[in-house]
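The chain contents come next:
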Amino acid sequence: MQRNAHAELAPVSPAKGTAGPGGMLAMPALDDPANPFRLALLAVLLAFVYAILSTPAAYTSRPDTLAAIIWPAPAVGAALLWNLPYRRWPVFLVAIFLSMMLVGDADPLSVGADAAFALLNVFEVALYAFLGQRLVCEKGDIDSTRKLARFMFLLPLLATSLVAALGATIGAVTKHTEWLEEWRVLLVGNGLAVLVLLPALLAWCSRQASADASPGDKPVAVATAVLAAALMAAAALLPRFPEEVLRALLSLVLVWAAIAGGLRSASLGVLAAAGVGIGLAVAGYGPYSPARGGEEGTWELQVDLAGMAVLSFFVGIAVSERQKLNLRLERARRFETMGFLTGGIAHDFNNILGAVGGYAELAVEREKAGLPVRAPLGEVAAAVARGKDLTEQILLAGRRGARTRQASDLRDLVSEAVALASPLLPPGVRLTVRVPLAPVPVRVHRGQLTRAILNLLRNASQAAAGRVELRLTASAGQLPAGYAREADTGVGDMLERDCAWLDVLDDGSGVAPAHVHQLFDPFFSSRSSQGGKGHGKGHGTGLGLAIVAGVAADHAGGVAVWTGRGERTRFCLMLPLLAEQDAAQLPLVAPPPPLGQGETVLVVAQDAQARERTEDALAALGFEPAGYDPAALAGGPQGLQGLEEHAELLVWLDSPAASDNLQAALRQPTGLPLLRCGSTGDTGGEALITQEAGVVTISGPFDGAALRQAVKMATGRSDAPPARRDGDVDEEEGKEGNLQP
């Protein structure tokens, strides 16, 4: 740990009181749990670097040493741990502790004092990394003034003050130094290192920051570093170089770097200025040298470096935020322009199609059946239908479609979209649907919202390696789990309360960072000319996600995207829930019509009472239930007396006597849809309706309304006619060339 400048004891390793967390390098190998060797090698490297930075020869109690100016070891450790999951931290923290104990052998302190300082280093590193990851930014991308303000308050000020207080207490007990002076030295030295070094390491080693950087950033950063180092060297070599001129020129260089190259260039310039200035000061050169100004020179250097860092960082991030705002405004203008353009064209085009279709229908009516002209006229009518479908897409993308809204259960729209998307899934891609048991009331345009959900499913199926999942969550409280991280991009309002979250996830390799902010741009598509697997040819039209964005914005909602970092890509459509009083006044289905018309439904359950209740509920839905005990079917489907050939659905109530083999035997001849009713064990205790591979599962206790919803999902039936059941769907390929199964 850094020593008090007025202490008279022998040089002691200051590092013991000042350690820092590390999130330095976001190396792909660290995310690979199957590569423990490289993880251990990196831990050894961290221990070596930490020991080098903590040697007693480098840290003395005199003001002309590195310890009296800055303490870089904690910032290096913090940068490394920042981007790692918690389960990987122990090996690095143990490495820091052992390195500090090894360094402690070279000082006159006792083993107990060495252990106390080593533990303080471990605590400091873990504290910085924990606060930074949880309260500043998870990915190490300090890209907003709000994040930067939180970073400066939590780490250089709050966390460092706590660590300095602990270190000063240990120093007062073991070295008999003055507590307040020891605390000041530790606070300034550690705080300056975290303020100057940590943002630079995160900006240059964070994957997200590297992905967002433009090709022109590196030349600007290199030029800034050279200029900053040259100015510091010139001030040291020229005895009469005014300090005021040095500060002004350095500030101008760093502000220029912040404007031209962002935080990365500014941080590298600050780091270069700090490295050269501190090195010259320790060597006894320059205006900040203690040999010239004593402790005042050291203090001036620390203040100047901190001020230039704060100034350049805030300027760089403010410029970056302005550029992002301009991008969003430009995107909004493009949407508006496209809306006016396509809206006018679409209306005219629709009128022409209507006239053509009317004449075709008139000709068909007047012609006698079987004449040769009938087939061409049928083709004309089919072409008109396709043209009308294209017009609908353009109108939706231009936000000029019908604005009729009605109270609906969002689960019904999900069922309709899934029924349309399932036949179009590429080979080898499975779709899993999870919806709550309770209704999800929203006020929407059914056709538009069904189209938006369908486009999300088609987009995910083209990107998936083998699995697509749709999850519907509704809550009047806080965000569901998994929404803590800020979205990578989004359009519309990011709702947090009283809304429904419709997630569509795929297990593909994610969206290319260069394309993330273009996903919702009209007519943007990265589909190759060969298309994805299962799609022979053609390009995406680029309207799929634009339609989703337009529909979400029209419904006072939004859509957000999370992708990258080895996790599944997630598109989230957010819609406001219908107010309770409105939901009570406008029933979602009033009254709900019967789903069936006397079709047979097989009910298999060991519990006779549960079987009877289920039969009564199915009868109320318009079906003809036929109940069976599993024991009576032990010999196979023969006990059904041929009913399985005409049955519409198999309802299976889980029981010990009902085996999966019997279930498969009952479904195999005709491929009956299966509705399973069981416990919440498979869903982590959550009551859900899950659909996957032709099987719908109700987890937990259910009522008649939940059973009705599950039957609709299993059979593809609906309370209202679907918004559209024919025509092609725009297969938006906003993702990189990996948009294939």
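Check the entry above for the structure.
Right, let's walk through the structure included here. As the structure is a computational prediction, the values presented were derived from the model and not from experiment.

### Focus: the packing of helix H2 (residues 73–82) against helix H4 (residues 111–136)
Here H2 crosses H4 at 45°, and the two axes come no closer than 8 Å. Taken together, the axes of H2 and H4 lie oblique to each other. Crossing angle aside, the handedness with which H2 passes H4 is right-handed. Contacts between H2 and H4 involve Pro 74, Gly 77, Ala 78, Leu 81 and Trp 82 on the former and, on the latter, Glu 124, Val 125, Tyr 128, Ala 129, Gly 132, Gln 133 and Val 136. For the contact of H2 with H4, a count of residues per class yields eight nonpolar, three polar and one charged.

### Notes on the pairing of strand E5 (residues 467–475)
Pairing analysis gives five bridges linking strand E3 (residues 430–436) to E5, with the strands arranged parallel. Counterpart to Leu 431 in the pairing with E5 is Val 468. Two elements, E5 and strand E7 (residues 499–506), share eight bridges in a ladder whose sense is antiparallel. If you follow Val 468 over to E7, its bridge partner there is Asp 506.

### Let's talk about the pairing of strand E15 (residues 695–699)
With respect to burial, E15 is a largely interior element, four of its five residues being buried. Note: strand E13 (residues 674–678) against E15, five bridges, orientation parallel. Considered in E15, the bridge of Arg 676 is made with Thr 697. Sheet analysis places strand E14 (residues 688–692) next to E15, joined by five bridges and oriented antiparallel. Residue Glu 692 lies in a different strand from E15, and its bridge partner there is Val 695. Where E14 hands over to E15, the hairpin turn is made up of two residues, of which Ala 693 adopts a positive phi near 50°.

### Thoughts on helix H15 (residues 544–554)
By the criterion of burial, H15 is predominantly enclosed, with nine of the 11 residues buried. Along H15, the residues that are buried comprise Gly 544, Leu 545, Ala 546, Ile 547, Val 548, Ala 549, Gly 550, Val 551 and Ala 552. Ala 556 lies just past H15 and shows a positive phi near 60°.

The rules behind the values
- Residues numbered from 1 in each chain as written.
- Predicted model: local features only at pLDDT ≥ 70, side-chain atom pairs only at ≥ 80, totals over all residues.
- Heavy atoms only, no water.
- Axes fitted to C-alpha atoms, helices over the stretch in contact; angles between N-to-C directions.
- Helix = DSSP H or I, 4+ residues; strand = E, 2+ residues; numbered from the N terminus.
- Parallel < 35°, antiparallel > 145°, perpendicular 65-115°, else oblique.
- Left-handed = near helix turned anticlockwise from the far one by under 90°.
- Contact = heavy atoms within 4.5 Å.
- Nonpolar A, V, L, I, M, F, W, Y, C, P; charged D, E, K, R; others polar.
- Pairing = 2+ DSSP bridges.
- Buried < 20%, exposed > 50% of the residue type's maximum accessible area, 1.4 Å probe, protein only.

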